[in-house]
Amino acid sequence: MNTGFLAVLIILLIIVGAIWTKKCSELLLIGSLLGALVLYGTDFIPQWATLLQSAVSDNVWIIITCGLFGSLIALLQESKGSFGFSKLVSKYCNTEKKTLLTTFIMGILIFVDDYLNVLSIGVCMKNVFDKRKLPRETLAYLLDSTGAPVCVLLPFSTWAVFYASLFIEQDSVAALGYSSGIDAYVQAIPFCFYPIITLIVVLLFSLGIIPKIGPMKQAYERVEQTGKVYSDASRKYNHEEYKGYEQDGNLWDFAVPMIVLVAVAVATSDLLTAVLLSIIVCFVLYVPRKVIPVDNFMNTIIKGFADMLPILILLTLAFLLQNVTGQMGLSDFVIQTMQPLLTGATFPMIAFILVAALCFTTGSFWGMSALVAPIVFPLGAAVGANPILIMAAIISGGAFGSHACIYGDATVLAATGAGIENMEHVTTQLPYVLIASALSIAAFLVCGIIL
């Protein structure tokens, strides 16, 4: 039995079912159970439970970091510090264009890590978008599109460090004579077409040059007709007891913890430490001044962590599905299927499609890149493909997966940062993802022919 082919069918079932039903967690659960049934037969329940434990233990850093980010967001909201920031920004963001451009620029500036990008900007800008009567789906699109796409284009982000260490281990890259992985990475940046084109599309969208399309247009129509900046399905993510932009707040109660968060994350490359220190700073700022009473401080931390539980469950199920499809041989099946299509001119384009497809279907971006690189580079050398273009194709494929995968962590967190249902974010940004994907495929094909 070809379990790799069955893994593809399960992934297609999840994607189609999630788009049709708008239920992502349920489909991930069903898909992981089906995969375990294929792998283990009648013994699939205890084996599935073992894989679930592995998914949690292997990703405990992400679970704790995201949960504590929820705690930090709750503290900023409880202190009303985020409203002080929103009030200040609202003085400039007095039009839709200015609001979108400000969010876009903030997404460029917070480049060190895509998690930091989407979660911090989300809490900064939600109230501003609400005041301007802009749909939260637009905020989620901007957050997701300036997360990984920005990080991969700068050689001093977490993505750059990972890919640089991955590429320098490949013989065909080392043969080019670069002194370090970062040097090789820098050479590939101009050819990372998907993140570059994605950012251009977002900028043109923010300027109003690219129009609202499909579900995004419907979201704007909902706001015009009902005044609701998020749908009824997203109400459960927005149960604050107050209207954000109507409240006064001290700007510094927001700015100081956020400055500490970004500064520590940049200095240490450790987002968990940065979040913990920011929470400690909140305690020092809020409790002595009785902005938040000491007996309510821990309750707010617990409440914020609990607010992230739906997202943490979704992420855990996504990690579980990665384990199941990995054991089913999904990546090996896709690679073997694509091999007959390889030629020197088309290889970079095929490499981009291959990595993008694997990242999209598994939700594992760095993992799939690390798995594919030792296979793709020797194949590329055998058919005479340009190693720099191959590097760019792998980076672009990973960025596509992070941006587009319906259950990818960055996609889920972008929806969380904007306070909307995950599938509403996925469907509203889909037309723009398709535009960037099609142009990227064409660009890799052209460059593969002429370089």
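Quick notes on the rules
Residues numbered from 1 in each chain as written. Predicted model: local features only at pLDDT ≥ 70, side-chain atom pairs only at ≥ 80, totals over all residues. Heavy atoms only, no water. Patch = residues over 30% accessible without salt bridge, like charges linked within 9 Å, V, L, I, M, F, W, Y side chains within 5 Å. Areas by Shrake-Rupley, 256 points an atom, 1.4 Å probe, with all protein chains shown as cover. Salt bridge = Lys/Arg side-chain N within 4 Å of Asp/Glu carboxyl O. Helix = DSSP H or I, 4+ residues; strand = E, 2+ residues; numbered from the N terminus. Phe/Tyr/Trp six-rings, centres within 6.5 Å; stacked < 30°, edge-to-face > 60°. Buried < 20%, exposed > 50% of the residue type's maximum accessible area, 1.4 Å probe, protein only. Lys NZ or Arg CZ within 6 Å of the ring centre and 35° of its normal. Polar contact = N/O pair within 3.5 Å; in protein donor to acceptor, adjacent residues only side chain to side chain. Contact = heavy atoms within 4.5 Å.

Trainee: Got a minute to help me understand a nonpolar patch on the surface in this structure?
Mentor: A cluster of nonpolar side chains, namely Leu277, Ile280, Phe283, Val284 and Val294, defines an oily patch on the protein surface of about 450 Å² accessible area. The element contributing the most residues to the nonpolar patch is helix α16 (residues 271-286), with four residues. By secondary structure assignment, the location of Ile280 is in helix α16.

Trainee: Before we go on, may I ask you to explain the packing of aromatic side chains in this structure?
Mentor: Describing an aromatic ring pair means giving the distance of the ring centres and the angle of the ring planes. Summed over the entire model, instances satisfying the criterion amount to 10 aromatic pairs. Aromatic pair Phe283 and Phe297: ring centres 5.1 Å apart, planes at 90°, arrangement edge-to-face. Taken together, the residues span a long stretch of sequence, with Phe283 in helix α16 and Phe297 in helix α17 (residues 294-307) at a distance of 14 residues. What makes Phe283 partly exposed here is its relative accessible area of 39%. Judged by its relative accessible area of 5%, Phe297 falls in the buried class. Through a chain of ring-to-ring contacts, three or more aromatic side chains come together here, namely Phe191, Phe193, Tyr194, Phe352, Phe360, Phe400 and Phe444. In this arrangement the basic side chain of Lys212 is found over the ring face of Phe205, its NZ or CZ atom lying 5.7 Å from the centre.

Trainee: Sorry if this is basic, but what is going on with the side chain of Ser234 here?
Mentor: Within the element layout of this structure, Ser234 appears in the loop between α14 (215-226) and α15 (251-268). Only 2.9 Å separates the side chain of Ser234 from the backbone nitrogen of Glu421, close enough to count as a polar contact. Beyond its immediate stretch of four places on either side in the chain, Ser234 contacts Gly419, Ile420, Glu421 and Glu424.

Trainee: Whenever I open this one, the pattern of salt bridges confuses me. Can you help?
Mentor: For the structure shown, the criterion picks out six salt bridges. Linking Arg289 and Asp253 is a salt bridge whose minimum nitrogen-to-oxygen distance equals 2.7 Å. Taken together, the residues Arg289 in the loop between α16 and α17 and Asp253 in helix α15 connect sequence positions 36 residues apart. For Arg289, a relative accessible area of 43% puts it in the partly exposed group. Accessibility expressed as a relative area gives 3% for Asp253, which makes it buried. Several salt bridges converge on common partners, so that one network encompasses Lys228, Asp232 and Arg235.

By themselves, these observations are geometric and do not establish any function.
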